[in-house]
Amino acid sequence: MRNLKEFTIPFVGLKQGKHGFEYSIDNKFFEHFDYDEFNSSDLKIDLILDKKSTMMELTFKASGTVNIFCDLTNEPYDQPIDSELFLVVKFGPEYNDDNEDLLILPHGEFEVNVQQYIYELIVLAVPSKRVHPGVIDGSLRSEVLEKLEELSPKQKEVIEEEDIDPRWNKLKNLLNDK
């Protein structure tokens, strides 16, 4: 997969200290990753790059909404996203991104591409079980919900104590005797 140019940060020309970057994310970004779970997306990424003498610290903050389908009713709804990611970038003999919190770039590298980290930050911020807020508060009316309610098992009547075999009552007395 090729890197998107707007997510490449040339850090070699930056002074030491904090530098801010802002990205607007829509569905075109996810099409690049062949990810089609979102109907639409409207997200803002705030990235703070803190350049130090031997390393860099990247702090990503994602906020906005993605429109997805509910797992229960298949109704679309807007899922709010509010997530953060902290990444340390160090320099070493070869590229290594095995650790999720640490990226090692080869000595002499002059830029870093952050598109993969933004993608993972957003996708992992979406809950694994997607439930429409109307299902939770009971305000959503849908054919699927009505059918689920119709087919759900009904609560059985509680057997009254009178129907219990008297032999069991004798056994219960054994527990009470001391």
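An account of the accompanying structure is given in this report.

Criteria and cut-off values
- Once a new chain begins, its residue numbering starts again from 1 and follows that chain's sequence as written.
- pLDDT decides what is reported in this predicted model: residues at 70 or higher carry local features, side-chain atom pairs at 80 or more are listed and counted, and totals for whole chains, interfaces and linings draw on all residues regardless.
- Only hydrogens and water are set aside when side-chain values are computed; all heavy atoms of the structure are taken into account.
- The helix and strand labels rest on DSSP assignments: H or I over at least four residues marks a helix, E over at least two residues marks a strand, and numbering proceeds from the N terminus.
- Only protein chains enter the accessibility calculation, which uses a 1.4 Å probe; a residue whose area is less than 20% of its type maximum is buried, one above 50% is exposed, and one in between is partly exposed.
- In this scheme, strands are said to pair when DSSP sees at least two bridges between them.
- Angles here are taken between N-to-C directions and fall from 0 to 180 degrees, while the axes themselves are lines fitted to C-alpha atoms, restricted in helices to the stretch in contact.
- When a carboxyl oxygen of Asp or Glu lies within 4 Å of a side-chain nitrogen of Lys or Arg, that pair is called a salt bridge.
- Nonpolar side chains (Val, Leu, Ile, Met, Phe, Trp, Tyr) within 5 Å and like charges within 9 Å form the patches, drawn only from residues with over 30% relative accessible area and no salt bridge.
- Using the Shrake-Rupley algorithm and a 1.4 Å probe, accessible areas are obtained, with residue cover drawn only from the displayed protein chains.
- Positive charges are assigned to Lys and Arg, negative charges to Asp and Glu, while His and the chain termini are left out of the count.
- Where a charge lies is defined by one atom per residue type, namely NZ (Lys), CZ (Arg), CG (Asp) and CD (Glu).
- As used here, the term nonpolar core means buried Ala, Val, Leu, Ile, Met, Phe, Trp, Tyr and Cys residues forming a set that is joined through side-chain atoms within 4.5 Å.
- Aromatic rings from Phe, Tyr and Trp, with only the six-membered ring used for Trp, were paired whenever their centres fell within 6.5 Å, and each pair was classed as stacked if the ring planes differed by under 30 degrees, edge-to-face if by over 60, and tilted otherwise.

With respect to unusual backbone geometry
Okay, so step 1: Its identity is not glycine, yet aspartate 34 carries a phi of approximately 55°, on the positive side.
Okay, so step 2: With respect to the helices and strands, the residue aspartate 34 is situated in the loop between helix H1 (27-32) and strand E3 (40-51).
Okay, so step 3: Residue classification places aspartate 34 among the exposed positions, given a relative accessible area of 69%.

A word on the sheet that holds E3
Okay, so step 1: One open sheet accounts for five strands, arranged E2-E3-E4-E5-E6; its pairing is mixed. Edge positions in the sheet fall to strand E2 (17-25) and strand E6 (102-106), since each has one partner strand and no second. Each neighbouring strand pair of the sheet contributes to a mean axis angle of 20°, computed without reference to strand direction.

Remarks on the pattern of salt bridges
Side chains that differ in charge, positive against negative, can pair when their charged atoms come close.
Okay, so step 1: Scanning the entire structure with this criterion turns up four salt bridges.
Okay, so step 2: Between lysine 52 and glutamate 57 there is a salt bridge, with the nearest N and O atoms lying 3.4 Å from each other.
Okay, so step 3: Classification of lysine 52 as partly exposed rests on a relative accessible area of 34%.
Okay, so step 4: Through salt bridges with shared partners, one network takes in Glu22, Lys44 and Asp46.

Focus on a negative patch on the surface
Okay, so step 1: The grouping of Asp97, Asp98, Glu100, Asp101 and Glu120 at the surface amounts to a negative patch.
Okay, so step 2: Tracing the chain through its elements places glutamate 120 in helix H2 (residues 115-125).
Okay, so step 3: Since its relative accessible area comes to 35%, glutamate 120 is described here as partly exposed.

Structural notes on the nonpolar core
Okay, so step 1: If you look at the biggest cluster of nonpolar residues, it comprises 38 residues, and the most contacted ones within it are Tyr23, Ile25, Phe29, Phe30, Phe60, Val114 and Ile118.
Okay, so step 2: Elements with a minimum of two residues in this core: E2, H1, E3, strand E4 (55-69), strand E5 (76-92), E6 and H2.

A look at the packing of aromatic side chains
We describe a pair of aromatic rings using the distance from one ring centre to the other and the angle between the two ring planes.
Okay, so step 1: Tallying each qualifying case throughout the model produces 11 aromatic pairs.
Okay, so step 2: The interplanar angle of 55° and the centroid separation of 5.1 Å between the aromatic rings of phenylalanine 7 and phenylalanine 29 together place this pair among those described as tilted. Of this pair, phenylalanine 7 sits in the segment before strand E1 (8-9) while phenylalanine 29 sits in helix H1, and the two are 22 residues apart along the sequence. By the burial criterion, phenylalanine 7 is buried, and phenylalanine 29 matches it.

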